[in-house]
Structure formats: C-alpha cells, structure tokens
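Observations on chain architecture
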Amino acid sequence: LGESAVTAAQFPPGVPLPPVKRLPAEFECPVCFQVKKFQKPSDWTKHVHEDVQPFTCTFPQCSDPKSFKRKADWVRHESERHRKLEWWTCTVPDCNHTCYRKDNFVQHLVREHKMPEPKVKKPKSQGTSTKTAKGESVSPDSQEDGIREREIEQLWDLVEKCRHDTPRGPKDEPCRFCGNVCSTWKKLTVHLAKHMEQIAMPVLALVDERDLPM
C-alpha cells in the first residue's frame, strides 16, 4: 500500500496521534509502552482502544459487568447475552438445547448428535475402486466424500430449520445515553460505541496534563 503521512483526520476524536510522521511504522506505544508495528491508521486506533478499554456492558442488570478490550467482544456480549437477536434450538427428540451463536450450535450437533464436522476434511485413504451401474470406476474416497457431503448438507439444513430471530427491533431499544432511536442494530452499536469512546478517551489528555512528581 505504500507509506502515508499521519494526519489528525485519520483518527477518531480523542485518539492521540501516533508518535511517527508516516505509517506503516514500528514504535513504542506511549500508552502501554509496548513496541509494535502498525500498518495503517485503523491499526493504531484499535490498539489505543484496547489499551483504554472504553467499551462496557450498557445493560444495568448485567451480572457480569466488565470492560472489553475489543469492540467486537463487547458487541458479541450484548447481542448474545442480552438482546438475543437470534438463537438456535435443537429439534432432535428430547434435546431442545439452545445456543445464541451459530458456531456453538454447529459444535453441539457435532459433539452431541455425532454429525460431521463441516470444517474438517477427511484424510484420503488408499483403496481399490468400485464400479457403478454404468461401469464407471469410483474410488472408496469418492464414495465416502459423497456421503460426507450429503451429511454436511443435512447439518446445514438442520441449522437453518432450528434458527429463530427476535421479534424485537432496534426501535424498541432507545440509546441509554441520549434516547436516540436507530434504524438497525448495527447503527445502534456504532452509536453506543461513540458515546463510550467520548466518555473514556479524554482520560489520555488528562494524563498528559497531570504533573508527575519528580
């Protein structure tokens, strides 16, 4: 991508400029004092957010209130723990297990109901080929791959059938900071994140202004 000059417009309000004139560059972070290489402005912004940890659960009754190093972790926490935007309830007889994340439900089917792991390829085995009704040669590997593909298709069909969506919409959850109503869940999380960044990020400027004892 080449080097690019560092300018204030490349960073959100409150994020200090990196101590270099161009990116990519390797330097010591003035917040955590770790030496890292940053490829682009968004890498630096993400790193500063991880240092300050401005994101915290906005649900007052949360039993596990904590700060999150990554915005994605905070979004996942609120979406799965509180909003429960989607969920999967197993329809296998006498099961009814519920997951709030798709990959967790897939693992449930694999571990509890012995369905094939969709991401793992079976190692090829040596064997003799067999003949089809048309006289075509088919190896055992091809036969096993065909069976596996059909089983995986059945797994994804079951995942889709077990999926449920919340009837609630983002308009049912006004911003807890200002009361603003957003049109999508994505816009709501972006809006909430900006509030928390505006609250937390000025602490870096206060630290710079503080006279440290000699």
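Our subject is the structure that appears above.
Residues numbered from 1 in each chain as written. Predicted model: local features only at pLDDT ≥ 70, side-chain atom pairs only at ≥ 80, totals over all residues. Heavy atoms only, no water.

1. Notes on the overall build of the chain
When its secondary structure is counted, the chain shows six helices and 11 strands. Counting every position in the chain, which comprises 214 residues, the buried fraction comes to 31%. Look at the contacts in the chain between residues 6 or more apart in sequence, and 39% of them connect residues 24 or more apart. As presented, the chain carries roughly 14600 Å² of accessible surface, and 51% of it is formed by carbon and sulfur atoms. (Helix = DSSP H or I, 4+ residues; strand = E, 2+ residues; numbered from the N terminus. Buried < 20%, exposed > 50% of the residue type's maximum accessible area, 1.4 Å probe, protein only. Contact = heavy atoms within 4.5 Å. Areas by Shrake-Rupley, 256 points an atom, 1.4 Å probe, with all protein chains shown as cover.)

2. What to know about the layout of surface pockets
The space that makes up the largest pocket amounts to roughly 250 Å³. Along the walls of the largest pocket sit 15 residues, with P12, H49, F55, K71 and E197 positioned nearest its centre. For the lining of the largest pocket, the elements supplying multiple residues, two or more each, are α1 (41-52), α2 (71-83) and α5 (185-200). Reported here for the second largest pocket is a volume of approximately 210 Å³. The wall of the second largest pocket is formed by 15 residues, among which V75, S79, E80, L85 and E86 lie closest to the centre. Put simply, the parts of the chain that give the lining of the second largest pocket at least two residues each are α2, β7 (86-89) and α5. It is α2 that provides the largest number of residues to the lining of the second largest pocket, a total of five residues. Its residues placed into classes, the lining of the second largest pocket shows five nonpolar, two polar and eight charged. (1 Å grid on protein atoms, 1.4 Å probe; cavity = no way out; pocket = protein on both sides within 12 Å on 5 of 7 lines; lining within 4 Å. Points joined across faces, edges and corners; volume = space filled by probe spheres on them. Nonpolar A, V, L, I, M, F, W, Y, C, P; charged D, E, K, R; others polar.)

3. As for the pattern of salt bridges
Taken as a whole and assessed by the stated rule, the structure comprises 11 salt bridges. Linking R70 and D73 is a salt bridge whose minimum nitrogen-to-oxygen distance equals 3.1 Å. On the accessibility criterion, R70 (32% relative accessible area) is partly exposed. A salt bridge links K71 to E197; the shortest N-O distance between them is 3.6 Å. In this pair, K71 is assigned in helix α2 and E197 in helix α5, connecting sequence segments 126 residues apart. Here E197 falls in the buried class, since its relative accessible area comes to 11%. (Salt bridge = Lys/Arg side-chain N within 4 Å of Asp/Glu carboxyl O.)

4. Quick word on unusual backbone geometry
The amide bond that connects L23 to the next residue, P24, takes the cis arrangement and shows omega of 5°. Counting through the fold element by element, P24 comes out in the loop between β2 (22-23) and β3 (25-28). At Q53, a residue that is not glycine, the phi angle is positive and equals roughly 55°. Here Q53 lies in the loop between α1 and β5 (55-56).

5. A few points about a negative patch on the surface
Residues D145, E149, E153, D157 and E160 make up a contiguous surface patch of negative charge. Here D157 is to be found in helix α4 (residues 140-161). Given a relative accessible area of 46%, D157 falls into the partly exposed group. (Patch = residues over 30% accessible without salt bridge, like charges linked within 9 Å, V, L, I, M, F, W, Y side chains within 5 Å. Lys, Arg positive; Asp, Glu negative; His and termini not counted. Charge placed at Lys NZ, Arg CZ, Asp CG, Glu CD.)

That is the geometry; function is a separate question.
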